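Structural overview
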Amino acid sequence: MNWDYPSPFTLQISPAMDDIDGLNHTNNAVYVKWCESAGWAHSRQLGMTVEDYRRLDRAMAIRKGEYDYIQPTSLGDALILGTWLVAGHGRLGMTRVFQMIRASDQTTVLRAKWDLVCIEISTGKPKRLPDEFRQCYESAVIRPISVT
């Protein structure tokens, strides 16, 4: 696979009939849900669950999301969604990037980026990343590089 960054966390995905829109392509909103699923699965694999977020009264909230829909996908396409945490977003947040590749032709069909900010769940106000977040996520953070 021609990944933008090394060693992604990946999910295997295939559009189902309910994912297809009137143009016979995967609906754009479905990609957003898939990215959310990949983000949570990656966090769980690293050791941080939604229950931990609630216990700490902290969460990583999407401040800004960007989605580049490069190529359409269709019913039954075998897709691989990769995600990474990228350094360089300050003391209150981090960046998560995504790349989706269609397995049959190795074509990148989606790139996405979330700017995440740590919030206190009870107030919604930005807060510094707790030590548990740093310890959990630090090992997965990669240094940003230019992608084409």
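Residues numbered from 1 in each chain as written. Predicted model: local features only at pLDDT ≥ 70, side-chain atom pairs only at ≥ 80, totals over all residues. Heavy atoms only, no water.

Focus on the packing of aromatic side chains
Scanning the model with the defined rule gives nine aromatic pairs in all. An angle of 80° between the planes, with centres 5.5 Å apart, marks the rings of tyrosine 31 and tryptophan 34 as edge-to-face. Residue tyrosine 31 and its partner tryptophan 34 are both found in helix α1 (residues 28-46); the two are separated by three residues, about one turn of the helix. The buried category is assigned to tryptophan 34, whose relative accessible area is 12%. Geometrically, the ring pair formed by phenylalanine 98 and tryptophan 114 is edge-to-face, given 4.8 Å between the ring centres and 65° between the ring planes. Of this pair, phenylalanine 98 sits in strand β4 (residues 93-102) while tryptophan 114 sits in strand β5 (residues 107-120), and the two are 16 residues apart along the sequence. Like phenylalanine 98, the residue tryptophan 114 is buried in the burial classification. (Phe/Tyr/Trp six-rings, centres within 6.5 Å; stacked < 30°, edge-to-face > 60°. Helix = DSSP H or I, 4+ residues; strand = E, 2+ residues; numbered from the N terminus. Buried < 20%, exposed > 50% of the residue type's maximum accessible area, 1.4 Å probe, protein only.)

Quick word on the pattern of salt bridges
Evaluated as defined, the whole model comprises nine salt bridges. Across the pair arginine 102 and aspartate 77 runs a salt bridge, and its minimum N-O distance is 4.0 Å. Here arginine 102 is found in strand β4, whereas its partner aspartate 77 is found in the loop between β2 (58-69) and β3 (79-86), with 25 residues between them in sequence. Assessed through its relative accessible area of 18%, aspartate 77 is described here as buried. Two residues, aspartate 105 and arginine 102, come together in a salt bridge whose shortest N-O distance is 3.2 Å. With relative accessibility at 40%, the residue aspartate 105 sits in the partly exposed group. With a relative accessible area of 11%, arginine 102 lands in the buried category. Through salt bridges with shared partners, one network takes in Asp52, Arg55 and Glu132. (Salt bridge = Lys/Arg side-chain N within 4 Å of Asp/Glu carboxyl O.)

Description of the nonpolar core
Among soluble globular proteins, nonpolar side chains are generally buried collectively. Membership of the largest hydrophobic core comes to 30 residues, with the highest contact counts inside it found for Trp34, Met60, Met100, Phe133 and Tyr137. Those elements that place two or more of their residues in this core are α1, α2 (50-56), β2, β3, β4, β5 and α3 (131-137). Considering every element that reaches this core, the biggest residue donor is β5, with eight residues. In this structure, tryptophan 34 is in contact with Ile13, Pro15, Asp19, Thr26, Leu79, Leu81 and Met100, ignoring residues within four places of it in sequence. One finds Trp3, Trp84, Ile101 and Ile142 within the second-largest nonpolar core, a separate group that totals eight residues. (Core = buried A, V, L, I, M, F, W, Y, C linked by side-chain atoms within 4.5 Å. Contact = heavy atoms within 4.5 Å.)

Considerations on the state of the cysteines
Here, disulfide denotes a covalent bond that connects the sulfur atoms of two cysteines. If you walk through the whole model with that rule in mind, you get zero disulfides. Here cysteine 35 stays free of any disulfide, with the sulfur of cysteine 136 as its closest cysteine sulfur at 19 Å. Taking relative accessible area as the criterion, cysteine 35 reaches 0% and is therefore assigned buried. Cysteine 118 forms no disulfide, and the closest cysteine sulfur to it belongs to cysteine 136, at a distance of 12 Å. Its relative accessible area of 0% is what places cysteine 118 among the buried residues. (Disulfide = S-S within 2.5 Å.)

Some details on the side chain of arginine 58
Structurally, the position occupied by arginine 58 is in strand β2. Apart from the residues lying within four places of it in its own chain, the contact partners of arginine 58 are Tyr53, Cys118, Ile119, Glu120, Ile121, Lys127, Arg128, Pro130 and Phe133.

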